[in-house]
Amino acid sequence: DADQNVIEAEGLQSNAGIKPFNFHIKKGEVNGFAGLLGSGRSECVRAIFGADHVVAGTVKVKGKKVKISKPIDAMKQGIAYLPEDRKVDGIVGDLSVRDNIILAQQVLRGFFRPFSKSEANKIAAEYIKLLEIKTASADTPIKSLSGGNQQKCILARWLLTHPDYLILDEPTRGIDIGTKVEIQKLVLKLASEGMSVTFISSETDEMLRTCSRLVVMRDRKVVGEISGS
């Protein structure tokens, strides 16, 4: 049902100091959180993903109430989150491109069911090609890639979990313009295939190019919503 909310949050509040907020996103929709740095944009999506401790409110996934108290709960509900700080929350610098790509899916499968070497290689090759990741090989340590290509590896990691809902927090910050445009195009392509995406960026023009609806934040609370052209 195209009109159904994939994710719906009501009165959601975490211990990260945001005021309780409501949120919804439909299938195939791209929406965004707009507001200055520190306005609480990241805290909202971190609450939805269970990355911060949720103290109040409810989350529904496809109309069904779910309890998300940690990221693995969210992942099992088809939610993926590409965090703002890829150095801290994202890349595992010493691991290869391949191991970084399969990480989230491996967590979902459980570490007692590791991917075989050939499976892992096949997946890595597929996503390196899909996202045009520039790397000498899948064995290359991710830390030796450019920032834009590291970001694409993290994106590949989450796409591999085939999420219904993808949260991208500042996915294009600090990367070259070419990669920025590629990521924006990919977001629109994913949405056209039915994925719901929340896109957060400090660059308003980037938000306007990708989002059909913007949630506006100020002083850690949601103050409005803008949609349409």
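Residues numbered from 1 in each chain as written. Predicted model: local features only at pLDDT ≥ 70, side-chain atom pairs only at ≥ 80, totals over all residues. Heavy atoms only, no water.

Draft legend 1. Here's a closer look at unusual backbone geometry. Of note, the phi angle at Lys-62 is positive, near 50°, even though the residue is not glycine. Take Lys-62: it is sitting in the loop between strand 4 (54-61) and strand 5 (64-66). Under the relative-accessibility criterion, Lys-62 is labelled partly exposed at 44%. Not every positive phi belongs to a glycine, and Glu-132 is a case in point at roughly 50°. In this structure Glu-132 comes out as partly exposed when scored by relative accessible area, which is 49%. (Helix = DSSP H or I, 4+ residues; strand = E, 2+ residues; numbered from the N terminus. Buried < 20%, exposed > 50% of the residue type's maximum accessible area, 1.4 Å probe, protein only.)

Draft legend 2. Local environment of the packing of aromatic side chains. As enumerated under the stated definition, the model contains four aromatic pairs in all. With a centroid separation of 5.3 Å and 45° between ring planes, the pair formed by Phe-49 and Tyr-81 is classed as tilted. Of this pair, Phe-49 sits in helix 1 (residues 41-49) while Tyr-81 sits in strand 6 (residues 79-82), and the two are 32 residues apart along the sequence. Of the aromatic side chains, those joined through ring pairs into one cluster are Phe-23, Phe-33 and Tyr-165. The aromatic ring of Phe-115 is capped on one face by Arg-109, whose charged end is 4.1 Å from the ring centroid. (Phe/Tyr/Trp six-rings, centres within 6.5 Å; stacked < 30°, edge-to-face > 60°. Lys NZ or Arg CZ within 6 Å of the ring centre and 35° of its normal.)

Coordinates in, geometry out; function isn't part of it.
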